[in-house]
Structure formats: structure tokens, C-alpha cells
Amino acid sequence: MSALPDPIWPVVVLAIIQAGDAVMCIKPVPFIAQCFEDVKFPRRHWWIMPPLKFAAAAGLILGIWLPYLGAVTCAALVLYFVVAIAMHIAARDFGRNLFLNATFMLLICVAVGVSSFIA
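Given the structure is predicted, the values throughout are model-derived calculations rather than measurements. (Residues numbered from 1 in each chain as written. Predicted model: local features only at pLDDT ≥ 70, side-chain atom pairs only at ≥ 80, totals over all residues. Heavy atoms only, no water.)

Draft legend 1. Quick look at the side chain of Asp21. In this fold, Asp21 is placed in helix H1 (residues 9–26). For Asp21, the side chain forms a polar contact with the side chain of Lys53, separated by 2.5 Å. Asp21 has contacts with Ile32 and Lys53, leaving out every residue within four places of it along the chain. (Helix = DSSP H or I, 4+ residues; strand = E, 2+ residues; numbered from the N terminus. Polar contact = N/O pair within 3.5 Å; in protein donor to acceptor, adjacent residues only side chain to side chain. Contact = heavy atoms within 4.5 Å.)

Below, the structure is given as C-alpha cells:
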């Protein structure tokens, strides 16, 4: 396992994706709000998503210079999307949100982790 990412570009791309997702969660765009509702994520907790996603983006970027921070952040994102997939399955939400959003993002996070920190 590498303490710093190599190559760096997948980590930067994932950070940009997370920052964009955070912006879309500030006042959830309709498809994100629908996703939260479909998995029965309580509306009173929606506020935590933007800071969480901005923190992930920051952790990935800072991890370019701080040993292991990027790897730990990437691993946390993998866990986040595993939980998201479990929530979709528990809610019997087997549509676009499960396959296109959560599963695809899980695959991206795993790919970044393997390519930048393990391989």
C-alpha cells in the first residue's frame, strides 16, 4: 500500500466528483432528494450530507501531500457507498439510484483506491 497516491489524477477526479455531489446536496436537487426519500433517509439528517461530502473531497485533496489521508478517505468512501447500497436494498429500491448512482460510485471509489493506493 502506498502512503501517497500514485497516480494522483484519479484521486483528483474523485475529489471533484465528491465536491460536485456536495454542492448538489446543499439544497438537494430533485434526483438526490428522491433518492434520500426512497431509502427513507430522515429529512432532518439531510443537512449532514454536504459537509460530509466536502470533507471527503478535502481529505482526498489533502491526501496528495499528507501520507495515508487520501487512502483512509478513499476507504471511508468505499464504506459510505457500501452502506448506501445496503440502504437501497433494505428499502427495496432496485432502480436507477441503486445501480447507476450508488453501485457506480462504489466501483469508482474501489478503482481509485486500487489504482492510486494499492497497485
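Draft legend 2. Broad picture of the pattern of salt bridges. Throughout the structure, instances matching the rule amount to 2 salt bridges. Among the salt bridges present, the one from Arg43 reaches Glu37, with a minimum N-O distance of 2.9 Å. Residue classification places Arg43 among the exposed positions, given a relative accessible area of 56%. (Salt bridge = Lys/Arg side-chain N within 4 Å of Asp/Glu carboxyl O. Buried < 20%, exposed > 50% of the residue type's maximum accessible area, 1.4 Å probe, protein only.)

Draft legend 3. Quick peek at a nonpolar patch on the surface. Residues Met1, Tyr68, Val72, Val110, Val114 and Ile118 make up a contiguous nonpolar surface patch of about 610 Å² in total accessible area. By residue number, the principal contributor to the nonpolar patch is helix H5 (residues 96–118), which donates 3 residues. Among the secondary structure elements, Val72 is positioned in helix H4 (residues 69–90). (Patch = residues over 30% accessible without salt bridge, like charges linked within 9 Å, V, L, I, M, F, W, Y side chains within 5 Å. Areas by Shrake-Rupley, 256 points an atom, 1.4 Å probe, with all protein chains shown as cover.)

Draft legend 4. Here's a closer look at the nonpolar core. Core analysis: the largest hydrophobic core is formed by 18 residues, its most contacted members being Leu14, Leu60, Cys74, Leu77, Phe81 and Cys109. Every element with two or more residues in this core is listed here: H1, helix H3 (49–62), H4 and H5. The greatest single-element share of this core, amounting to 7 residues, is contributed by H5. Sequence-distant contacts of Cys109, that is, excluding residues within four places in its chain, are made with Leu14, Cys74, Leu77, Val78 and Phe81. Ala33, Phe41, Trp46 and Met49 belong to the second largest nonpolar core, which has 8 residues in total. (Core = buried A, V, L, I, M, F, W, Y, C linked by side-chain atoms within 4.5 Å.)

Draft legend 5. View of the packing of H3 against H4. Following both chains from N to C, one finds H3 and H4 inclined at 145°, their axes separated by 7 Å at the closest point. Of the two possible hands of crossing, H3 and H4 adopt the one that is left-handed. The residues of H4 that touch H3, namely those facing Met49, Leu52, Lys53, Ala56, Gly59, Leu60 and Leu62, are Leu69, Gly70, Thr73, Cys74, Leu77 and Tyr80. Considering only residue class, the contact of H3 with H4 consists of 9 nonpolar, 3 polar and 1 charged. (Axes fitted to C-alpha atoms, helices over the stretch in contact; angles between N-to-C directions. Left-handed = near helix turned anticlockwise from the far one by under 90°. Nonpolar A, V, L, I, M, F, W, Y, C, P; charged D, E, K, R; others polar.)

Draft legend 6. Structural detail: the packing of aromatic side chains. In the structure shown here, the tally under the stated rule is 3 aromatic pairs. Consider the rings of Tyr80 and Phe81, whose centres lie 4.8 Å apart with planes at 90°: the pair is edge-to-face. You can call Phe81 buried: its relative accessible area is 6%. Aromatic ring contacts, followed pair by pair, group Phe36, Phe41 and Trp46 into a single cluster. (Phe/Tyr/Trp six-rings, centres within 6.5 Å; stacked < 30°, edge-to-face > 60°.)

Draft legend 7. Broad picture of unusual backbone geometry. The peptide bond linking Asp6 to Pro7 adopts the cis configuration, its omega dihedral lying at 5°. Structurally, Pro7 can be placed in the segment before H1. Phi at Tyr68 is positive, roughly 70°, even though this residue is not glycine. Position of Tyr68 among the secondary structure elements: in the loop between H3 and H4. Judged by relative accessible area, Tyr68 falls into the partly exposed class, the value being 44%.

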